[in-house]
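# Architecture and fold: a report
Spelled out from the first residue to the last, the chains are:
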Amino acid sequence: MTSVLFVCLGNICRSPAAHGNFLKLLADAGLNSQVRVDSAGTGDWHIGAPPDERMTAAAAERGIDLNPLRARQVTPGDFDDFEHVFAMDARNLEDMQALAVGRANQPRLYLDLVFPGQRREVPDPYFGGAQGFEEVLDLVEAANQALLRQILG
Ligand code: 4NP
């Protein structure tokens, strides 16, 4: 079994979207018992909280259920426990690289899955309008399709 951890800043917008979308892709492919999936935040402000209600609503429109998810903070042990660890933006990546020193697996920039070498980031939608949440879901769908192909192939 392989394992995937999605990480953003708060673990209430971007990484839960990636988490919920990937669970759905796996379920649709009959592969949910093959991959362990989780998400976390580099920050501690929202520990124990459900995803942002704007993200939960936008995801539900696409058949993705974020209601069961609760925020947690990423730990150094995550880089031993999860084979694939993805950072939503460059700041997340830098914060995680400090935690991952000497660990088995190192964080990678998530959108490198679809835009290799371009250092593209998933924009933080927290302080913006509704369109930001749709953009996150579009990017997540594309990146997770690529991730699924990579894991399968
Ligand atoms: P996320 O978005 O990192 O995609 O979960 C944010 C959520 C909360 C905050 C910032 C970003 N915050 O400052 O509380």
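In what follows, the accompanying structure is described. In this numbering scheme, every chain counts its residues from 1 along its sequence in written order. The predicted nature of this model means local features are confined to residues of pLDDT at least 70 and side-chain atom pairs, given and counted, to a pLDDT of 80 or more, with totals for whole chains, interfaces and linings taken over all residues. Side-chain figures throughout are based on the complete set of non-hydrogen atoms in the structure, without hydrogens or water.

### With respect to the pairing of strand E2 (residues 35-41)
Counting buried positions along E2 gives five out of seven residues, so the element sits mostly inside the fold. Across seven bridges, the pairing between strand E1 (residues 2-8) and E2 is parallel. Across the sheet, residue Leu5 finds its bridge partner in E2, namely Asp38. Call a crossover right-handed when, viewed with both strands pointing away from you, the route from the first strand across the helix to the second goes clockwise. Starting at the N terminus, helices and strands are each numbered in turn, a helix being any DSSP run of H or I of at least four residues and a strand any DSSP run of E of at least two. The β-α-β motif built from E1, the intervening helix H1 (residues 14-28) and the parallel element E2 has right-handed crossover chirality. Exposed residues in this analysis have more than 50% of their type's maximum accessible area, buried residues have under 20%, and partly exposed residues fall in between, with area computed by a 1.4 Å probe over protein chains only. Strands are treated as partners if at least two bridges between them are detected by DSSP.

### Focus: the layout of surface pockets
The space that makes up the largest pocket amounts to roughly 160 Å³. Along the walls of the largest pocket sit Cys8, Leu9, Gly10, Asn11, Ile12, Cys13, Arg14, Trp45, His46, Asp124, Tyr126 and Phe127, which together make up its complete lining. Following the grouping adopted for this structure description, the nonpolar residues are Ala, Val, Leu, Ile, Met, Phe, Trp, Tyr, Cys and Pro, the charged ones are Asp, Glu, Lys and Arg, and the polar ones are all others, Gly among them. For the lining of the largest pocket, a count of residues per class yields seven nonpolar, three polar and two charged. Detection works on a 1 Å grid of protein atoms alone, calling trapped sets that fit a 1.4 Å probe cavities and calling open sets with protein on both sides within 12 Å along at least five of seven lines pockets, with lining residues defined by an atom within 4 Å of a point. Grid points are joined across faces, edges and corners, and a volume is the space filled by probe spheres set on the points.

### Observations concerning the site of the ligand
Neighbouring residues of the ligand: Cys8, Leu9, Gly10, Asn11, Ile12, Cys13, Arg14, His46, Asp124, Tyr126 and Phe127. In the environment of the ligand, an oxygen atom lies 3.0 Å from a nitrogen or oxygen atom belonging to the backbone of Leu9. Throughout this description, a polar contact denotes any pair of N or O atoms lying within 3.5 Å of each other; where both atoms belong to protein, one of them has to be capable of donating a hydrogen while the other can accept it, and for residues adjacent in sequence the pair is counted only when both atoms sit in side chains. In the model, an oxygen atom of the ligand is placed 2.9 Å from a nitrogen or oxygen of the Cys13 main chain. More than half of the atoms of the ligand fall within 2 Å of the grid points belonging to the largest pocket. Being near a molecule or strand, for a residue, comes down to having at least one heavy atom within 4 Å of it. Think of it this way: a molecule belongs to a cavity or pocket when more than half its atoms come within 2 Å of the grid points there.

### A short note on the sheet that holds strand E3 (residues 84-87)
Reading across from one edge, E2-E1-E3-E4 is the order of the four strands in this open sheet, with parallel pairing throughout. Strands at the two margins of the open sheet, each flanked by one partner only, are E2 and strand E4 (108-109). Two residues form a contact once any of their heavy atoms are found within 4.5 Å. Geometry is summarised by axes, namely lines fitted to C-alpha atoms with helices restricted to the contacting stretch, and by angles between N-to-C directions that run from 0 to 180 degrees. Sheet contacts for helix H4 (residues 90-99): E1, E3 and E4; angle to E3, the most-contacted strand, approximately 135°.

### Things to note about empty space enclosed by the protein
Following the criterion strictly, the structure yields one cavity of 30 Å³ or more and no others. By volume, the largest cavity amounts to about 30 Å³. What lines the largest cavity is simply Asn11, Pro16, Ser39, Ala49, Pro50, Pro51, Leu69, Arg70 and Ala71. Looking at the lining of the largest cavity, its residues break down into six nonpolar, two polar and one charged.

### With respect to unusual backbone geometry
Phi is mostly negative for residues that are not glycine, and the peptide bonds are mostly trans. Even without being glycine, Asn11 reaches a positive phi, approximately 60°. Mapped onto the fold, Asn11 is located in the loop between E1 and H1. For Asn11, a relative accessible area of 2% gives the class buried. One non-glycine residue, Arg119, lies in positive phi territory at about 55°. Positionally, Arg119 belongs in the loop between E4 and helix H5 (130-152).

### Quick look at the packing of aromatic side chains
Any pair of Phe, Tyr and Trp rings, taking the six-membered ring for Trp, is counted once the centres come within 6.5 Å. Such a pair is stacked with planes under 30 degrees apart, edge-to-face with planes over 60 apart, and tilted for the rest. Counted according to the given criterion, the structure contains five aromatic pairs. Ring geometry for Phe6 against Phe22: centres 5.9 Å apart, planes inclined by 80°, an arrangement best described as edge-to-face. Of the two residues, Phe6 sits in strand E1 while Phe22 sits in helix H1, which places them 16 residues apart along the sequence. Judged by its relative accessible area of 0%, Phe6 falls in the buried class. Residue class for Phe22 comes out buried when judged on its relative accessible area of 0%. Geometry around Phe115 places Arg120 over its ring, the cationic atom sitting 3.9 Å from the centre. To sit over a ring, a charge needs its Lys NZ or Arg CZ within 6 Å of the ring centre and within 35 degrees of the ring normal.

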